[in-house]
Amino acid sequence: MPSQLVCRPVSDRPVAVLRLSGTLDQVTGDALQQAVRHSLAAEPHRLLLDVSDLRVGDPIGLSALSAVACQTSDWPDVPIVLCGASPETEAAVQAAPECAGLGLAPDCEAAIAEARAEPEPPLIRLRLRPVPDACREVRQIVVQACETWHRSDLSGTAALIATELVANVVRHAHTTMEFTFGLRDGRLRMSVRDGSRRMPKPAAPGLTSPGGRGLWLVRDLTDAWGVMPVSDGKVVWTRLPAAA
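Residues numbered from 1 in each chain as written. Predicted model: local features only at pLDDT ≥ 70, side-chain atom pairs only at ≥ 80, totals over all residues. Heavy atoms only, no water.

### Brief notes about the overall build of the protein chain
Here's step 1: Helix and strand counts for the protein chain stand at 7 helices and 10 strands.
Here's step 2: Here the C-alpha radius of gyration of the protein chain, 19 Å, is about what a compact globule of 244 residues would show, namely 18 Å.
Here's step 3: The 244 residues of the protein chain split such that 49% are buried.
Here's step 4: Put simply, of all contacts in the protein chain between residues at least 6 apart along the chain, 66% involve residues at least 24 apart.
Here's step 5: For the protein chain, the accessible surface area stands at approximately 12,000 Å², while carbon and sulfur atoms represent 52% of it.
Here's step 6: Taking the 25 positively charged and 28 negatively charged side chains of the protein chain as two groups, their mean positions are separated by 9 Å. (Helix = DSSP H or I, 4+ residues; strand = E, 2+ residues; numbered from the N terminus. Rg over C-alpha atoms; globule rule 2.2 N^0.38 Å. Buried < 20%, exposed > 50% of the residue type's maximum accessible area, 1.4 Å probe, protein only. Contact = heavy atoms within 4.5 Å. Areas by Shrake-Rupley, 256 points an atom, 1.4 Å probe, with all protein chains shown as cover. Lys, Arg positive; Asp, Glu negative; His and termini not counted. Charge placed at Lys NZ, Arg CZ, Asp CG, Glu CD.)

### Some words on the nonpolar core
Nonpolar side chains in soluble globular proteins generally cluster together in the buried interior.
Here's step 1: Within the largest apolar cluster, 33 residues are counted, with the highest numbers of intra-cluster contacts made by Val36, Leu47, Leu49, Leu62, Leu65, Ile80 and Leu82.
Here's step 2: Those residues in contact with Val36 that lie beyond four places of it in its chain are Leu18, Leu47, Leu49, Leu65, Val68 and Ile80.
Here's step 3: In this structure, Cys135, Val166, Val170 and Phe179 belong to the second largest nonpolar core, which totals 30 residues. (Core = buried A, V, L, I, M, F, W, Y, C linked by side-chain atoms within 4.5 Å.)

### Digging into the packing of aromatic side chains
Here's step 1: Counting across every chain of the model gives 3 aromatic pairs.
Here's step 2: Taking 6.2 Å as the distance between ring centres and 5° as the angle between the ring planes, the aromatic pair formed by Trp75 and Trp237 counts as stacked. Linking Trp75 in the loop between helix H2 (62-71) and strand S4 (80-83) with Trp237 in strand S10 (residues 233-239), this pair joins segments that are 162 residues apart in sequence. As far as burial versus exposure is concerned, Trp75 and Trp237 are alike and both buried.
Here's step 3: These aromatic residues form a ring-pair network of at least three members: Trp149, Phe179 and Phe181. (Phe/Tyr/Trp six-rings, centres within 6.5 Å; stacked < 30°, edge-to-face > 60°.)

### A closer look at the sheet that holds strand S3 (residues 46-56)
Here's step 1: Spatial strand order, S1-S2-S3-S4-S5: 5 strands in an open sheet with mixed pairing. Looking at strand neighbours, the two that pair on one side only are strand S1 (5-11) and strand S5 (103-105), the edges of this open sheet. Taken over all neighbouring pairs, the strand axes of this sheet differ in orientation by 25° on average, direction set aside.
Here's step 2: Here 4 bridges tie S3 to S4, and the two strands are oriented parallel to one another. Bridging across to S4, Leu49 finds its partner in Leu82.
Here's step 3: Sitting on the sheet, helix H1 (residues 29-41) is in contact with S1, strand S2 (15-24), S3 and S4, with an inclination near 175° to S2. (Pairing = 2+ DSSP bridges. Axes fitted to C-alpha atoms, helices over the stretch in contact; angles between N-to-C directions.)

### A few points about the pattern of salt bridges
Here's step 1: A complete count under the given rule lists 12 salt bridges for this structure.
Here's step 2: A salt bridge links Arg46 to Glu118; its shortest N-O distance comes to 3.2 Å. Separated by 72 residues along the polypeptide, Arg46 in strand S3 and Glu118 in the loop between helix H4 (108-117) and strand S6 (123-128) bring together distant segments of the chain.
Here's step 3: Note on Glu118: relative accessible area 26%, which makes it partly exposed. (Salt bridge = Lys/Arg side-chain N within 4 Å of Asp/Glu carboxyl O.)

### Comments concerning the layout of surface pockets
Here's step 1: Looking at the second largest pocket, its volume works out to about 230 Å³.
Here's step 2: Broken down by element, the lining of the second largest pocket gets its largest block of residues, 3 residues, from strand S7 (residues 177-184).
Here's step 3: Of the residues in the lining of the second largest pocket, the class split is 8 nonpolar, 2 polar and 6 charged. (1 Å grid on protein atoms, 1.4 Å probe; cavity = no way out; pocket = protein on both sides within 12 Å on 5 of 7 lines; lining within 4 Å. Points joined across faces, edges and corners; volume = space filled by probe spheres on them. Nonpolar A, V, L, I, M, F, W, Y, C, P; charged D, E, K, R; others polar.)

### A few points about the sheet that holds strand S8 (residues 187-194)
In any sheet, the strands associate via hydrogen bonds between backbone groups, in a parallel or an antiparallel arrangement.
Here's step 1: Across the sheet, which stays open at both edges, the 5 strands sit in the order S6-S7-S8-S10-S9 with antiparallel pairing between neighbours. At either end of the open sheet lies a strand with only one pairing partner, and these are S6 and strand S9 (224-230). This sheet shows a mean twist of 15° between the axes of neighbouring strands, independent of strand direction.
Here's step 2: The sheet contact formed by S9 and S10 spans 7 bridges and is antiparallel. The residue of S10 that forms the bridge with Ala224 is Arg239.
Here's step 3: Contacts between H1 and the sheet are confined to S8, S9 and S10, with S9 contributing the most and set at about 125° to the helix.
Here's step 4: Its contacts with the sheet place helix H6 (residues 155-173) against S6, S7, S8 and S10, and it is angled at close to 10° to S8.

Right, dumping it as structure tokens:
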């Protein structure tokens, strides 16, 4: 009988809780990765995985969890905590060197209460239609936020990057988008989530291509950037340097 894994989101933010039940192995690892990515795309300040009803059928399945944790270490840089693990599951996680970055909590309810008591980092979320005026709107929001967060030194760069990310959705994805702009650990972070699964590729800048240098600008002006695929589209994210 084929193994099964059920990943049920309980909440998405400010603390995301994903309840896992069934068997984690090489076959069901992909489903776990997709569910974790989906939860992380909401940019919670912590992701709790309730594994009280999870059985690790094959240690290879744990590599799926460690892989997605590594992929998201730069963005959204959200701590992932496994809670309620059975002694067998906890032993399997502790025996896997690639899972060293994952936290463990014995009680899920206590872990949820503790996470919700933590102060939330400042974060702005904005839903935008794929129209040219979205670029002007997001520029204004970013400049105002930088002033409020005492990061006016980066307002010009942040506004330019935000414009390019939003313009890319307007030009290519043509879907409603969610723009997120936040401050975490002294760094400005922003992302744009859209409903297109087409992955962006930086095009060589050319004098006859007015939109060709957008992602090159993002790459050159940020500390890190990337794309995270999710089941209903993708998230393009950036992290700015700590200082101008």
